[in-house]
Amino acid sequence: MPYEKELAAAKKAVTLAARLCQKVQKALLQSDVHSKSDKSPVTVADYGSQALVSFILERELPSESFSLVAEEDSGDLRKESGQDTLNRITELVNDTLASEGSNSFSTLTTDDVLVAIDSGKSEGGSVGRHWVLDPIDGTKGFVRGDQYAIALALLHEGKIVLGVLACPNLPLASIGSNQQHSSSNEVGCLFFAKVGDGTYMQALGGSTQTRVHVCDIDNPEEASFFESFEAAHSLHDLSSSIAEKLGVKAPPVRIDSQAKYGALSRGDGAIYLRFPHRGYREKIWDHAAGSIVVTEAGGIAMDAAGNPLDFSKGKFLDVVSGIIVTNQKLMPSLLTAVKEALNEKASSL
Ligand SMILES: Nc1ncnc2c1ncn2[C@@H]1O[C@H](COP(=O)(O)O)[C@@H](O)[C@H]1OP(=O)(O)O
Ligand SMILES: [Mg+2]
Ligand SMILES: [Mg+2]
Ligand SMILES: [Mg+2]
């Protein structure tokens, strides 16, 4: 089967990274959050997760040339002021590797960690194979103690061919707005998909996998929709106007990160709307894993003009206006509602 060993390596890498993130989120101290030059919060977990995934993929797939497009770089950690953070990250990475229970590696040094983080400097593109990683997607949710994801995908000749999404705080039971109260309150989901092979979910750290599908709702009145928790990440007014045009009755379900794609892939909701503020450019690592998880579960992810998402143009994902995700049946009416709402917005400016 194509990409079988790549999928196994990706699941292993993401599972270990999730373990590291869970440990940090539990013990999140104020000193773990500092400012990058763009003022977004970056934690030792972002770096630790990226170092771990990079290290595990290279170790598990030694015969392949390794290219990784990832969010973080080691610039701040190489400064004098980053030394303490680097030491903490190195300790966390080593502790997490040790908990894996294999002794087939030696302890990583701070230099090894810097090198692993900087393996993520590839630019991607339409030729060859590139791993695409968001070590923590939804940093704001992570810091708040809410939803976040570790998102890893493989880009081959410009197409996403596999994706793995760990959502450590996502309940195994549905989070849809009109769901019955569930008896299970277990959290931690791992979604994975390989091109042509469907999407599966298992408990994070578990082994029983279940195939998942997007919902088959065709009446928008029964649909519910997901959007960002953070209003700074997506225009909530525009989503409300689209939902109203469609006839959606349920209030939006607001959660952080690509956990939205995971939840959609198992039918918790029907629609995901994302309209960043003017001037924001989407990055491929924010949608690569999520989009294959949804499409292999029977859904569609497009930009707001109805174009397929093109991951082959480097690290940016250039889209018209925003990203919309739903099932096959609802997409035509969703596109119409989006078009109307965007036109109204343009004419009101
Ligand atoms: N100003 C912004 N507008 C839209 N998305 C943003 C903005 N700043 C950061 N992001 C990214 O949006 C994603 C989270 O969006 P949401 O949780 O709202 O779906 C993350 O990938 C986050 O990056 P990061 O990976 O650093 O958290
Ligand atoms: Mg992200
Ligand atoms: Mg991130
Ligand atoms: Mg970030």
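Residues numbered from 1 in each chain as written. Chains lettered and ligands numbered in written order. Predicted model: local features only at pLDDT ≥ 70, side-chain atom pairs only at ≥ 80, totals over all residues. Heavy atoms only, no water.

*Asks:* Go over the sheet that holds strand β3 (residues 68-70), please, and point to the residues and values.
*Replies:* Where strands meet in a sheet, backbone hydrogen bonds hold them as pairs that are either parallel or antiparallel. Spatially, the seven strands line up as an open sheet ordered β3-β4-β5-β6-β7-β8-β9, and their pairing is mixed. Edge positions in the open sheet fall to β3 and β9 (209-212), since each of these has one partner strand only. Each strand of the sheet is rotated relative to its neighbour by a mean of 20°, with strand direction disregarded. On the sheet, helix α2 (residues 44-60) packs against β3, β4 (129-137) and β5 (149-156) and is oriented at approximately 150° with respect to β4. (Pairing = 2+ DSSP bridges. Helix = DSSP H or I, 4+ residues; strand = E, 2+ residues; numbered from the N terminus. Axes fitted to C-alpha atoms, helices over the stretch in contact; angles between N-to-C directions. Contact = heavy atoms within 4.5 Å.)

*Asks:* Residue-level account of the site of ligand 1, with values.
*Replies:* Neighbouring ligand 1 are 15 residues, the closest being Asp137, Ser228, Ser257, Lys260 and Asp286. Side-chain polar atom of aspartate 137 to an oxygen atom of ligand 1: 2.6 Å apart, as the coordinates give it. Between an oxygen atom of ligand 1 and a side-chain N or O atom of serine 228, the distance comes to 2.6 Å. In terms of residues, the shell around ligand 1 owes the most to one element, β4, which gives three residues. In terms of residue class, the shell around ligand 1 is built from three nonpolar, five polar and seven charged. Looking at which domains feed residues into the shell around ligand 1, each of domain 1 (4-212) and domain 2 (220-348) supplies at least three. (Near = heavy atom within 4 Å. Polar contact = N/O pair within 3.5 Å; in protein donor to acceptor, adjacent residues only side chain to side chain. Nonpolar A, V, L, I, M, F, W, Y, C, P; charged D, E, K, R; others polar. Domains from an automatic or database assignment.)

*Asks:* Would you mind going over the packing of aromatic side chains in detail, with residue names and values included?
*Replies:* Describing an aromatic ring pair means giving the distance of the ring centres and the angle of the ring planes. One pass over the full model with this rule turns up three aromatic pairs. Consider the rings of tyrosine 261 and tyrosine 272, whose centres lie 5.1 Å apart with planes at 85°: the pair is edge-to-face. Within this pair, whereas tyrosine 261 is found in helix α7 (residues 259-265), its partner tyrosine 272 is found in strand β12 (residues 271-274), the two being separated by 11 residues in sequence. We note that tyrosine 261, like tyrosine 272, is buried. The ring of phenylalanine 192 carries the charged tip of lysine 11 above its face, separated from the ring centre by 3.8 Å. Arginine 281 extends its terminal NZ or CZ atom over the ring of phenylalanine 316, reaching a point 3.9 Å from the ring centre. (Phe/Tyr/Trp six-rings, centres within 6.5 Å; stacked < 30°, edge-to-face > 60°. Buried < 20%, exposed > 50% of the residue type's maximum accessible area, 1.4 Å probe, protein only. Lys NZ or Arg CZ within 6 Å of the ring centre and 35° of its normal.)

*Asks:* Go over the environment of threonine 90 with me, naming the residues and quoting the values.
*Replies:* Locating threonine 90 in the fold gives a position in helix α3 (residues 83-99). Setting aside anything within four residues of it in sequence, one finds threonine 90 in contact with Leu108, Thr109, Thr110 and Val113.

*Asks:* Describe in detail the UniProt feature "binding site: Mg(2+)" (unreviewed entry) in the protein, supporting the description with residues and values.
*Replies:* With numbering aligned to this structure, UniProt lists the feature "binding site: Mg(2+)" (unreviewed entry) at Glu71, Asp134, Ile136, Asp137 and Asp286. For the residues just named, distributed over 216 residues, the greatest C-alpha separation is only 9.8 Å, placing them together at one site. On the secondary structure map, glutamate 71 appears in the loop between β3 and α3. For glutamate 71, the residues in contact, after removing those within four places along its chain, are Gln50, Leu133, Asp134, Pro135, Ile136 and Trp285. Turning to its location among the elements, isoleucine 136 is positioned in strand β4. Excluding anything up to four places from it in sequence, isoleucine 136 contacts Cys21, Thr43, Ala45, Asp46, Glu71, Phe142, Tyr148 and Ala149. (UniProt positions renumbered as here; feature names shortened; annotations may be inferred.)

*Asks:* Pulling in residues and values, what's your account of the coordination of the magnesium ion (ligand 2)?
*Replies:* All of the protein donors around the magnesium ion (ligand 2) are Asp134 (OD), Asp137 (OD) and Asp286 (OD); their distances to the metal are 1.9 to 2.2 Å. Between consecutive donor residues of the magnesium ion (ligand 2), the sequence gaps follow D-x2-D-x148-D. Between the magnesium ion (ligand 2) and the magnesium ion (ligand 3), the interatomic distance is 3.6 Å, and aspartate 134 donates to each metal, bridging them. Of the two residues, aspartate 137 sits in strand β4 while aspartate 286 sits in the loop between β13 (282-283) and α8 (288-295), which places them 149 residues apart along the sequence. (Donors = N, O, S within 2.8 Å, 3.2 Å for Na, K, Ca; no water.)

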